[in-house]
Each structure stands twice: as structure tokens, then as C-alpha cells.
Amino acid sequence: MIISSAKDYRAAAKAKVPPFLFHYADGGAYDEYTLRRNSEDLAQIALRQRILRNMSALNLETKLFNETLAMPVALAPVGLCGMYARRGEVQAASAADKKGIPFTLSTVSLCPIEEVAPAMKRPMWFQLYVLRDRGFMRNVLERAQAAGCSTLVFTVDMPVPGARYRDAHSGMSGPNAAMRRYLQSALYPQWAWDVGINGRPHDLGNISAYRGEPTKLEDYIGWLGNNFDPSISWRDLEWIRDFWKGPMVIKGILDPEDARDAVRFGADGIVVSNHGGRQLDGVLSSARALPAIADAVKGDLAILADGGVRSGLDVVRMIALGADTVLLGRAFLYALAAAGEAGVTNLLNLFEKEMRVAMTLTGARTIAEITRDSLVQAVSPMRPDALADAVANG
Ligand SMILES: Cc1cc2nc3c(=O)[nH]c(=O)nc-3n(C[C@H](O)[C@H](O)[C@H](O)COP(=O)(O)O)c2cc1C
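What you are looking at is a predicted structure, and each value in this text was computed from that prediction instead of being measured.

Novice: Explanation requested: the pattern of salt bridges in the structure shown.
Specialist: Pairing is possible between side chains that carry opposite charge, provided their charged atoms lie close to one another. Applying the stated criterion across every chain, the model contains 19 salt bridges. Notably, a salt bridge pairs Lys99 with Glu352, separated by 2.5 Å at the nearest N-O pair. In this pair, Lys99 is assigned in helix α4 (residues 88-99) and Glu352 in helix α16 (residues 330-362), connecting sequence segments 253 residues apart. A residue is classified by how much of its surface remains accessible, and Glu352, at 21% relative accessible area, is partly exposed.

Novice: What is the right way to look at the site of the ligand in this model?
Specialist: Neighbouring the ligand are 23 residues; Pro77, Ser106, Thr155, Asp306 and Gly308 lie closest to it. Between a nitrogen atom of the ligand and a side-chain N or O atom of Gln127, the distance comes to 3.1 Å. A distance of 2.8 Å is found between an oxygen atom of the ligand and a backbone nitrogen or oxygen belonging to Arg330. For the ligand, whose accessible area on its own is 600 Å², the fraction buried by protein is 99%.

Novice: Hey, could you run me through the side chain of Arg330 in this one?
Specialist: Structurally, Arg330 can be placed in helix α16. Comment: no salt bridge for buried Arg330; closest opposite-charge side chain is Asp26, at 5.4 Å. Arg330 has contacts with Ala25, Asp26, Gly27, Leu35, Gly276, Arg278 and Arg310, leaving out every residue within four places of it along the chain.

Novice: Got a minute to help me understand a nonpolar patch on the surface in this structure?
Specialist: Together, Ile51, Leu52, Val357 and Leu361 give the surface a local cluster of nonpolar side chains, amounting to about 440 Å² of exposed area. With respect to the secondary-structure elements, Leu361 resides in helix α16.

Novice: I would appreciate a short explanation of the UniProt feature "active site" (unreviewed entry) in the protein in the present structure.
Specialist: The positions that UniProt labels "active site" (unreviewed entry) are, in the present scheme, His275. Its place among the elements puts His275 in the loop between β8 (269-272) and α14 (286-297). If we skip the residues at most four places from it in the chain, His275 touches Tyr129, Thr155, Asp157, Met158 and Lys251. Only 3.3 Å separates the side chain of His275 from the side chain of Tyr129, close enough to count as a polar contact.

Novice: I'm lost on unusual backbone geometry in this one. Help?
Specialist: A negative phi holds for most residues other than glycine; trans holds for most peptide bonds. Note that the residue after Arg200, namely Pro201, is joined by a cis bond; omega there is 5°. Looking at the secondary structure, you find Pro201 in the loop between α9 (189-197) and α10 (205-211). The phi dihedral of Arg87 falls on the positive side, at around 45°, and the residue is not glycine. Structurally, the position occupied by Arg87 is in the loop between β3 (73-75) and α4. Among the residues examined, Arg87 registers a relative accessible area of 15% and is labelled buried. Even without glycine at this site, Asn176 takes up a positive phi of about 50°. A residue is classified by how much of its surface remains accessible, and Asn176, at 60% relative accessible area, is exposed.

Cut-offs used in this document
- Residues numbered from 1 in each chain as written.
- Predicted model: local features only at pLDDT ≥ 70, side-chain atom pairs only at ≥ 80, totals over all residues.
- Heavy atoms only, no water.
- Salt bridge = Lys/Arg side-chain N within 4 Å of Asp/Glu carboxyl O.
- Helix = DSSP H or I, 4+ residues; strand = E, 2+ residues; numbered from the N terminus.
- Buried < 20%, exposed > 50% of the residue type's maximum accessible area, 1.4 Å probe, protein only.
- Near = heavy atom within 4 Å.
- Polar contact = N/O pair within 3.5 Å; in protein donor to acceptor, adjacent residues only side chain to side chain.
- Areas by Shrake-Rupley, 256 points an atom, 1.4 Å probe, with all protein chains shown as cover.
- Lys, Arg positive; Asp, Glu negative; His and termini not counted.
- Contact = heavy atoms within 4.5 Å.
- Patch = residues over 30% accessible without salt bridge, like charges linked within 9 Å, V, L, I, M, F, W, Y side chains within 5 Å.
- UniProt positions renumbered as here; feature names shortened; annotations may be inferred.

Put into C-alpha cells, the structure is as follows:
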């Protein structure tokens, strides 16, 4: 299979892993409108082409929370990476690290913090869910700190899990799920040997380490369902802010008012995100939500964004809309499933090349030079005022 883009990695991942895993990665909540809008809205944003400006020297580096990033990209927290490639979190972390960008370990990873952090030279980022079991939260934060994690990404858009219809159909959940997964695995012998057998243990490493007993994949959805906490409010986050020594980022913001609350709370950053369209179907795409949030809080804290980013051009679009750094979710997961660490490395190299082309042809030599002026505002529907501006300015 010829690989030249994230789209190709999606096709390769589909051929490589059993359907229950492919659809768990690829799918979203309910009818998947928000999932589709995330990438469709980004694709509609028109970049403003500029020419003949001597673009021979580009600098993609950026600074975030006292860290230097080789490009304004980080790997998003993605649960169960270790089901997609053998000890997948370690492989993805290593690829990100060698590229000079952060890797975020999910609470619900297969590999525990202690297995992944040592695979990296730069400090790992750690993502935490709000769970009923506050003992677990404290335990895992202590371990993340002991392992040298720098940034805490606190995900707040999952007080309840969204329904994912595809999972019920694919065998991830639903009737006879374990049997269906087993049968599917037998039809993917390469995956079954490499990950199914040699990638064990298949438990949620961070949680097993706390509970002292393995948490099997079968227990995964049940445990999460019982542990998400709909009573959460800003007040519950205060002890975490006081406890965590490094930067704290609130992930799952889609509204300017919530972004302002994050500033008042003292967060160091936010992730503008709808969880990749996996939670409340029908909410705004990240690309549409981002400009108003940037208008509200740009400069007060770091703005990260994710959702539908499938190329370096999309990274440039997100930055032009107001993001400081962009997170990749499915794009890196597809590459990991298709080709492990080498896949993620190649994907990141592709993103870099695509960013370089986009920057060269929009006349941006540095990340700071990617602004709303890099977009043709009159035809970029993400700015509600764009058409009015265009008319007013003739
Ligand atoms: C398979 C999968 C698992 C995910 N697991 C987590 C998770 O454990 N914690 C979290 O905060 N976000 C999780 N996310 C959401 C991602 O961090 C990110 O917000 C989303 O994937 C961005 O959209 P994109 O996939 O279109 O790039 C997950 C996403 C996917 C696709």
C-alpha cells in the first residue's frame, strides 16, 4: 500500500486491525455529525496564497510552557493505543520524542506511566479524567509527578460517556461482544500474533497498578461508565491545581465563557476540543468554535486545539484561527496501527513537509506569522464577521 498521507494511514489501519478496533478509533458519538464537521469545516477554510517573498528560511519551532517544540504539534491523549500496536503507547511516545514534540499519555492507556515515561528524553504529558474514585486520581497524579511528567491535561468533557453506535455494531460493546472480538481477531492473524498475543498484558496499566488487580478490556467500558463523575464542577479542580506542580491544561472547551472561566481558575492552557466528535454529537466543530474563544482569551493562557486535523495544512489552519499548538488524535493512531513507531515518525515528517508548503505559500516564515491574515476571510466561514468585514472594506 502506498502511503503519502494520513488518509492512506487510515486505509492501512483498516486493513491491519480487527474491525472492533478500527471502528472504535474511527467512529464518533450518535450520528457522527460533529465528527464529520470537524474535518469538513477545516477543509473549507481558504488559505491566502502569497508569492515571491523569499521563503527560503522557515522556522517551525514554538515555545509552550517553557518547552521548545520542533513544530506546534503534540500527540493527543488516546486511550487503548496499546491495542493498536505492540505496547503502542511506548512506540508513539518514542516517535514524538525523536521528532521533538510532546506525547500525552491517556489515563486509560495500556502501558502505565512508569513504562512510557522512561522511553522519552523530554518530559511526558499526562492526561487525567475526572473520576469518582479520588484516591485513584491522587495516586495517578503522584505517580505522574514522580515519573517527571511536566504538563497535566485535565479532560473535562466526559462527565458522562457519549453513546457510540458504531461500537455496539462492531463488537467493542453490545451483545456477545467478547465472543465477537475473539472471532474477529482470528481473522487478523498478524495483529493477533503481534499485539493480541505478544502485546500483553491487555489491561489498563494505570488503573491496574492502583487497584492491584488486572483490569481487562472487558472491564474497561463498565469501569469507566461507573467512574465518570457528572457532579464535577470547577471547585473540584482546585485541589488538583494546588497539588500539580507543572502547567495544567483544561481539555474539552468549546465556549468562550468556559474559556474565560478557565482563565479565572488559573489554568495555564485549554484544549478547544469536542473529544474528536466522540461525546455530544451536534456541538460545534473545533474550527468553528476556535475563533471566538481566541478573541476571548488569546494571550491569557495557551490555546491548544484538536479535532479533524489530518494534514499539516490543517495545523496551519488551526493556528490561523487562533491555536498556539495543535493536537493530533486519530491521525497518529491510524499511523500507529498501520506501522507502529515508524508509521508515527513518517506521519509527523509528512505533517512537517505539509506545514512547510503551507507556510511558504502563505508567506509565514515563523509560527507567529501564521495569523488570521493567512486566511482569505471573505470565504472562510469560520469567522461569522468575515463576510461583513469584506463588504465593509469593499
Ligand atoms: C480512539 C480514541 C481514544 C481517545 N481517548 C482519549 C482519552 O483517553 N482521553 C482524552 O482526553 N481524549 C481522548 N480522545 C480524544 C483525543 O484526545 C482528541 O481530542 C481527538 O481525537 C481529536 O480529534 P481527531 O481524532 O479528529 O484528531 C480519544 C480519541 C480517540 C479517537
